[in-house]
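# Fold and geometry: a report
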Amino acid sequence: NPFLILEAISGHPDGRLAGAPTELVELLRLAAVLGPMFRAADLAAMTGQSAAHIVGPVRHAIRLGILRDDGDLSFAHELIREQLLSELPGSVERALHTEAAIHLARAGADARVVTYHLLAGDGTIHPDAARWLRRAAGEISVHNPQRAVEILRTAADGLPRETDEWAEATADLA
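Positions within a chain are numbered from 1, following the residues in the order the chain's sequence is written. The model is predicted, so local features are restricted to residues of pLDDT at least 70 and side-chain atom pairs to those at 80 or more, both for listing and for counting; the totals for chains, interfaces and linings are taken over all residues. The side-chain values count all of the structure's non-hydrogen atoms but skip hydrogen atoms and water molecules.

So, about the packing of aromatic side chains. By convention, a stacked pair of Phe, Tyr or Trp rings (six-membered ring in the case of Trp) has centres within 6.5 Å and planes under 30 degrees apart, an edge-to-face pair has planes over 60 apart, and any other such pair is tilted. Applying the stated criterion across every chain, the model contains 1 aromatic pair. Ring plane angle 55° and centroid distance 6.0 Å describe the contact between Phe38 and Phe75, whose orientation is recorded as tilted. With Phe38 in strand S1 (residues 37-38) and Phe75 in strand S3 (residues 73-75), this residue pair connects regions lying 37 residues apart in the sequence. Accessible area is worked out with a 1.4 Å probe on protein chains only. A residue is then buried under 20% of its type maximum, exposed over 50%, and partly exposed in between. A relative accessible area of 5% means that Phe38 is categorised as buried. Here Phe75 falls in the buried class, since its relative accessible area comes to 6%. Numbering of helices and strands runs from the N terminus; a helix is a DSSP stretch of H or I covering at least four residues, while a strand is a stretch of E covering at least two.

This paragraph deals with the side chain of Thr115. Tracing the sequence through the fold places Thr115 in helix H7 (residues 111-120). Here Thr115 falls in the buried class, since its relative accessible area comes to 3%. Residue contacts follow a heavy-atom distance rule, with two residues in contact if any of their heavy atoms lie within 4.5 Å. Excluding anything up to four places from it in sequence, Thr115 contacts Trp132, Leu133, Ala136 and Ile151.

In what follows, salt bridge is the name for a side-chain nitrogen of Lys or Arg lying within 4 Å of a carboxyl oxygen of Asp or Glu. For the structure on display, the rule yields 10 salt bridges. Note that Arg134 is salt-bridged to Glu168, the shortest N-O span being 3.2 Å. Of this pair, Arg134 sits in helix H8 (residues 127-140) while Glu168 is found in helix H10 (residues 164-173), placing the two residues 34 residues apart along the sequence. By relative accessible area, Glu168 is classed as partly exposed at 37%. What you see here is one network of salt bridges that share partners, running through Asp110, Arg112, Arg135 and Glu139.

Here is the structure:
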């Protein structure tokens, strides 16, 4: 029942997470930032630890009915993920999206996944991030040119003017 789990997450004394280790709750919050479905490797990258470090908490969350493992990990109910996200201050959530983008890019994640997190992040665009945004825009430009332009504008707007990266991003807009 997703409503019982929601009560648990928000600290209800009869809930499934009542008394759960802080490590588990914090891992679930990071997972919520990653999205409704995510790879275990991406969650491990987000924590800065190996997959071996997250095995215990992930198994615990699966036993509690909070996460599912269908090849990728997912939240059993979107309401659970939304509740976990709602407990994060907006500035912290944006910073976590930026961190997720950095960790996922280093781990070799798909450019679209990295781009999602960069766009949901705190607006920090460094040269590596701009390259990821440009790459993602190129990948989707055939199918969604309007979205590709939005991504390129985000890259250009977030970079210092008069840099090579800014020039490349603005040239892609032309």
